[in-house]
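Tertiary structure, described
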Amino acid sequence: MAEPAGQGGRRAIARRLPGAAGLAAVAGLAWVGRDVPAALGGRLTGARAERAARSPQFRDGTFHNRPGSRSAPGAVDRNLVRELIFGKQKRRPSAAVPLLRPADAPAADDGRELNVVWYGHASTLVEIEGRRVLLDPVWSDRCSPSALVGPRRLHEPPVGLHELPAVDAILISHDHYDHLDMATVRELTARQSAPFLVPLGVGAHLDRWGVPEHRIVELDWSESHRVGGLTITATAAQHFSGRGLRRDGTLWSSWVVAGAHRRVFYTGDSGYFDGYAEIGAQHGPFDVTLMQIGAYDRAWPSIHMFPEEAVAAHLDLRGGLFVPVHWATFNLALHDWSEPVDRLWAEAKARDVRLAVPRPGERVVVDDPLPVDGWWQAVA
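Residues numbered from 1 in each chain as written. Predicted model: local features only at pLDDT ≥ 70, side-chain atom pairs only at ≥ 80, totals over all residues. Heavy atoms only, no water.

1. What to know about the layout of surface pockets
Quantified by volume, the second largest pocket comes out at close to 330 Å³. Taken together, 18 residues make up the lining of the second largest pocket; nearest its centre are S140, S144, P145, S146 and A147. Where the lining of the second largest pocket is concerned, the elements lending two or more residues are α2 (36–39) and α5 (182–191). At three residues, α5 tops the list of elements feeding residues into the lining of the second largest pocket. Grouping the constituent residues of the lining of the second largest pocket by class yields eight nonpolar, three polar and seven charged. (1 Å grid on protein atoms, 1.4 Å probe; cavity = no way out; pocket = protein on both sides within 12 Å on 5 of 7 lines; lining within 4 Å. Points joined across faces, edges and corners; volume = space filled by probe spheres on them. Helix = DSSP H or I, 4+ residues; strand = E, 2+ residues; numbered from the N terminus. Nonpolar A, V, L, I, M, F, W, Y, C, P; charged D, E, K, R; others polar.)

Rendered as structure tokens:
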């Protein structure tokens, strides 16, 4: 029996639809993932690789922590994965995180001003003696090479990148996605003229993303670079690096920012180690320390400090005011969202440590910080 008019054509179209849908899905995934290869960054080659090979921290093709340091975690434990998926921890706030928009910095007529503006996670602006230094800026929605998967922000940045004042230097502690973000680097390259100061090897990523060579300054531990009236020094940390399957192809560091009168220390990411006392003896005392307190776990004690260890490190460093970073913005561990700062507040009281806990976007005047008010407890 003959097919009704048009029915054969409809069947032919129907047979083609699954294939067309598949092609469309592949094309869509390719479009979404088009930036992933670039986001993975560059590799050490040429003069950059030769310089890395001369570093005391580099051997057998990778960078290493100090001898005797605990190693970074290896394979992920099954119990950890199960806890990550099914655990009962409250890993995000129950209400919106309060954000502030910092007003213009207060004028100082003695050249000794020192302020800190925390934008969330580790992203921080240090205003020191008339200069501005931006630390580990990450403004993207996810700390991931993909726009679709990976840890997503728990709050928006309090200001846009286009609203940042002109900065004198941009410091990167290491190449993990929550500290080094391709989209942010590209926009800062276009909007700012400041140099990027990075640990050895990280310049390969910046080079791939279009940062001009004259704006890339790579430093090994204990090496310094002058920016205006500031001396900026890369100092030791206990961590690891990597943006893809290969680990430890670039160095990680903490940072010292020193002016004529004021000194600031930033941990980057690090486990607790005896290097803090050495840094304090060589570069301290510090007016303020910016200390990593979040994303810790008993499964990786060597690479992220527990809050109590951060307080111990602050004392080793001969720190004045303690300002916590690396919490509140991305869900990167199993602990409750507010646990790091609750534990920190208790330990700071017990050890008589001066503490400031700003809201994202809030300026801390180091010489006259506001008292801790527990603001996070209202949204925890």
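2. A look at empty space enclosed by the protein
Enumeration over the complete set of coordinates arrives at one cavity of 30 Å³ or more. What the largest cavity holds in volume is close to 120 Å³. If you go around the largest cavity, you meet 16 residues; those closest to its centre are A295, F330, N331, L332 and H335.

3. Focus on the sheet that holds strand β14 (residues 319–325)
Reading across from one edge, β9-β10-β11-β12-β13-β14-β15 is the order of the seven strands in this open sheet, with mixed pairing throughout. Strands with a single pairing partner mark the edges of an open sheet, and in this sheet they are β9 (224–227) and β15 (354–355). Pairing analysis gives four bridges linking strand β11 (residues 254–258) to strand β12 (residues 263–266), with the strands arranged antiparallel. If you follow W255 over to β12, its bridge partner there is Y266. This element, helix α8 (residues 307–316), spans β13 (286–292) and β14 of the sheet and lies at about 150° to β14. (Pairing = 2+ DSSP bridges. Contact = heavy atoms within 4.5 Å. Axes fitted to C-alpha atoms, helices over the stretch in contact; angles between N-to-C directions.)

4. Things to note about α8
Within the span of α8, buried status applies to P307, A310, V311, A312, A313 and H314. Those residues of α8 hidden inside the fold are in contact with α7 (275–283), β13, β14 and α9 (339–350). Remark: R318 follows α8 within two positions and exhibits a positive phi of approximately 65°. (Buried < 20%, exposed > 50% of the residue type's maximum accessible area, 1.4 Å probe, protein only.)

5. Remarks on the nonpolar core
Note on soluble globular proteins: their nonpolar side chains tend to be buried together. Among the nonpolar cores identified, the biggest contains 69 residues, and L290 and W327 are the most heavily contacted of them. Excluding its chain neighbours within four sequence positions, the residues that come into contact with L290 are V116, T124, V126, L135, V264, F265, Y266, T267, V323 and V325. (Core = buried A, V, L, I, M, F, W, Y, C linked by side-chain atoms within 4.5 Å.)

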